[in-house]
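Now for the letters of each chain:
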Amino acid sequence: KKAGAQGGLGSLRSAVAISYAQSITTGTATYPSSVTTSLFADSQIPKNSLNNLTSVGNVASAPAGTGTSATNGWWYITASGRVGAYSDGTVDTSGF
């Protein structure tokens, strides 16, 4: 489960980085306002194998390492472009 979540998180981070890099061509580098299916070649957000959810929720700060969500698999901080994984409550995802 842990390795699957780390792999999915890598995909999300790559999508955010690519979007950021593409925005530079407009003259203003910005992170995407949210992580949506449009950022992915297959139009699918990876599933977080720890809680089996794919949606991404915008947050102001990173949740605790064992923070859980009943609705989102991932969290995203728009100001910094930081993406993280929600836990199943037992796995500390702060080191991912």
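Everything discussed here concerns the structure shown above.
Residues numbered from 1 in each chain as written. Predicted model: local features only at pLDDT ≥ 70, side-chain atom pairs only at ≥ 80, totals over all residues. Heavy atoms only, no water.

> Could you give an account of the nonpolar core, with specific residues and numbers?
If you look at the biggest cluster of nonpolar residues, it comprises 16 residues, and the most contacted ones within it are Leu-12, Val-35, Val-56, Trp-74 and Phe-96. Elements supplying a minimum of two residues to this core: helix H1 (2-24), strand S2 (74-77) and strand S3 (82-85). In terms of residue count, the dominant contributor to this core is H1 (5 residues). Residues in contact with Phe-96, not counting those within four places in the same chain, are Lys-2, Ala-5, Gln-6, Leu-9, Arg-13, Leu-50, Ala-85 and Val-91. (Core = buried A, V, L, I, M, F, W, Y, C linked by side-chain atoms within 4.5 Å. Buried < 20%, exposed > 50% of the residue type's maximum accessible area, 1.4 Å probe, protein only. Helix = DSSP H or I, 4+ residues; strand = E, 2+ residues; numbered from the N terminus. Contact = heavy atoms within 4.5 Å.)

> So what's going on with the packing of aromatic side chains? Residues and values would help.
Going through the model one piece at a time under the given rule, you end up with 1 aromatic pair. Ring centres of Tyr-20 and Tyr-31 lie 4.5 Å apart, and the angle between their planes is 25°; on these two criteria the pair is classed as stacked. Residue Tyr-20 is located in helix H1, and its partner Tyr-31 is located in the loop between H1 and strand S1 (56-58); the two are separated by 11 residues in the primary sequence. (Phe/Tyr/Trp six-rings, centres within 6.5 Å; stacked < 30°, edge-to-face > 60°.)

> Tell me what's going on with the environment of Ser-33, and back it up with residues and numbers.
For Ser-33, the location among the structural elements is in the loop between H1 and S1. Take Ser-33: its relative accessible area is 60%, and that puts it in the exposed class. For the pair Ser-33 and Ala-64, spaced 31 residues apart in sequence, the C-alpha to C-alpha distance is 22 Å.

> Kindly report on H1, identifying the contributing residues and their values.
With 23 residues, H1 extends 33 Å from end C-alpha to end C-alpha; this agrees with the ideal 33 Å at 1.5 Å per step. For H1, the set of buried residues is Ala-5, Gly-8, Leu-9, Leu-12, Ala-15, Val-16, Ser-19 and Ser-23. Residues of H1 that are buried make contact with S1, S2 and S3. (Expected span 1.5 Å × (residues − 1).)

> How would you explain unusual backbone geometry if you had to name every residue and give the values?
Phi at Ser-43 is positive, roughly 60°, even though this residue is not glycine. Along the chain, the position of Ser-43 falls in the loop between H1 and S1.

> Can you break down the side chain of Asn-51 residue by residue, with the values?
Examined against the element boundaries, Asn-51 turns out to sit in the loop between H1 and S1. Within polar-contact distance, the side chain of Asn-51 engages the backbone oxygen of Asn-72 at 3.1 Å. Not counting the four nearest positions on each side in its chain, Asn-51 is found in contact with Ser-69, Asn-72, Gly-73, Tyr-86 and Ser-87. (Polar contact = N/O pair within 3.5 Å; in protein donor to acceptor, adjacent residues only side chain to side chain.)

> Lay out the pairing of S2 in plain terms, naming residues and giving numbers.
Two faces make up the sheet, and in a regular strand the side chains alternate between them. Burial along S2 is two-sided: Trp-74 and Tyr-76 and Trp-75 and Ile-77, pointing in opposite directions, are all buried. Relative to S2, S1 is paired through 3 bridges, and the arrangement is parallel. Its bridge partner being in S2, Gly-57 is matched across the sheet by Trp-75. As paired elements, S2 and S3 share 4 bridges and run antiparallel to each other. Looking across to S3, one finds that Tyr-76 is bridged to Val-83. (Pairing = 2+ DSSP bridges.)

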